[in-house]
Amino acid sequence: MAVGYLCSLVAPLMMAFTRLSAHIGHRPVFISYCLKFILVGLFGLNIIATMLLTQASMHNYPGSEALRHLNDIVQRPDFRRESCRFVSCPLS
Amino acid sequence: MSFRIVSLELKQKYEEDRLSVHIDNYAAQTGASLFLHEHAPPHGFLDSPHVPMSVIYNKTENLVWPDDFQHFDWIITEHAARSSQHGHQDLQWTIEGSIGGLRGFELKPMGDSGVWAKIKTVRIVQEPKLWLLRQRHD
């Protein structure tokens, strides 16, 4: 949704830019359309790639998740009684 | 009472309630940092935990399996096969949980039939990367 929103903002700007450049330089319409298509496409791909990589890296910290999970286990009320079975927490 | 005796008493008190956790290299690289050492000093500006429990977080590398791990109660490891191996003497490791990490990206259709089946989207695929193993001595 965010990609579509951004592209819908950028597309009219690019169209205006290409029309202006075509008007100034008397470029063929075909080139201006190609330019518009490539620029908008590259911009959209860039945004999609950024969002994907951001999402992927946000959920790619298994070490912190594991430690957080362990901290949750340690904070359980019944953990102390349970943990006394361990080597480093003797009953004596 | 000398400083040495006080230190010894504190050390004994600390060791009575301690819990030792080993964090392996991959876990340390993927976010198991000092900020998550909730049950060990320094606590800094964070609140102390509700249930007081001293935990020793160990990140020593190149330990030899299983002899060097017999003193740990918990290990965070990327080697799930260690749970099926016996530790030192009658000690055994059991899996208490697994945590997923990025495996890659894949294209999947948005629906099962019709137009939606032809439209494909990129999805993030995860797979278990780290395992929480607890030492049991039955």
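Bear in mind that the values here come from a model prediction, so they are computed numbers and not experimental data. (Residues numbered from 1 in each chain as written. Chains lettered and ligands numbered in written order. Predicted model: local features only at pLDDT ≥ 70, side-chain atom pairs only at ≥ 80, totals over all residues.)

Brief notes about the confidence of the model for chain B
- For chain B, the mean per-residue pLDDT works out to 80, and 74% of the residues sit at or above 70.
- Scored by ipTM, the complex comes to 0.77, with pTM at 0.69. (pLDDT = per-residue confidence, 0-100.)

Some details on the nonpolar core
- Of all hydrophobic cores here, the largest spans 21 residues; its most connected members are Ala 66 and Leu 70 of chain A together with Val 21, Trp 74, Ile 76 and Leu 132 of chain B.
- Going through the elements one at a time, helix H3 (62-74) of chain A together with strand S1 (19-23), strand S2 (55-58), strand S3 (74-77), strand S4 (92-109) and strand S5 (120-136) of chain B are the ones with two or more residues in this core.
- Ranked by residues supplied to this core, first place goes to S5 of chain B with four residues.
- Each residue touching Leu 132 of chain B, except ones within four places of it in the same chain, is listed here: Ala 66, His 69 and Leu 70 of chain A together with Trp 74, Ile 76, Glu 96 and Gly 97 of chain B. (Core = buried A, V, L, I, M, F, W, Y, C linked by C-beta atoms within 7 Å. Buried ≥ 20, exposed ≤ 12 C-beta atoms within 10 Å, placed from the backbone. Helix = DSSP H or I, 4+ residues; strand = E, 2+ residues; numbered from the N terminus. Contact = placed C-beta atoms within 7 Å.)

Digging into the interface of chain B and chain A
- In this complex, chain B contributes 38 residues to the contact, which on the side of chain A involves 25 residues.
- Contributions of two or more residues to the side of chain B that touches chain A are made by S1, helix H2 (25-29), S3, S4 and S5 of chain B.
- With seven residues, the single largest contributor to the side of chain B that touches chain A is S5 of chain B.
- Among the residues forming the side of chain B that touches chain A, the class breakdown is 20 nonpolar, 13 polar and five charged. (Nonpolar A, V, L, I, M, F, W, Y, C, P; charged D, E, K, R; others polar.)

Section: the confidence of the model for chain A
All names here are of chain A.
- Across chain A, the average pLDDT comes to 74, with 55% of residues at or above 70.
- Mean pLDDT across the elements of chain A bottoms out in helix H4 (residues 79-83) (60) and peaks in H3 (91).
- Note that residues 88-92 has pLDDT below 50 and, in this model, 10 contacts with residues that lie over four places away or in other chains.

Section: helix H2 (residues 29-58) of chain A
- In this model H2 of chain A runs 43 Å from its N-terminal to its C-terminal C-alpha over 30 residues, within 8% of the 44 Å that 1.5 Å per residue would give.
- For H2 of chain A, the buried fraction is low: one of the 30 residues fall into the buried class. (Expected span 1.5 Å × (residues − 1).)

Thoughts on the pairing of S1 of chain B
All names here are of chain B.
- Within S1, five of the five residues are buried, which leaves it mostly tucked inside the rest of the structure.
- Here S1 shows no split at all, with Leu 19, Val 21 and Ile 23 on one side and Ser 20 and His 22 on the other all buried.
- The pairing of S1 with S2 spans four bridges and is parallel. Considered in S2, the bridge of His 22 is made with Asn 58.
- Relative to S3, S1 runs parallel, the two sharing three bridges. Opposite Val 21, over in S3, you have Trp 74 as the bridge partner. (Pairing = 2+ DSSP bridges.)

Some details on unusual backbone geometry
- A cis amide bond links Trp 65 of chain B with the next residue in sequence, Pro 66 of chain B, at an omega value of -5°.
- Within the secondary structure, Pro 66 of chain B sits in the loop between S2 and S3.

Digging into the environment of Ala 81 of chain B
All names here are of chain B.
- Mapped onto the elements, Ala 81 comes out in the loop between S3 and S4.
- Given 9 C-beta atoms within a 10 Å radius, Ala 81 is considered exposed.
- The sequence separation of Ala 81 and Trp 131 amounts to 50 residues, and the corresponding C-alpha distance is 9.8 Å.

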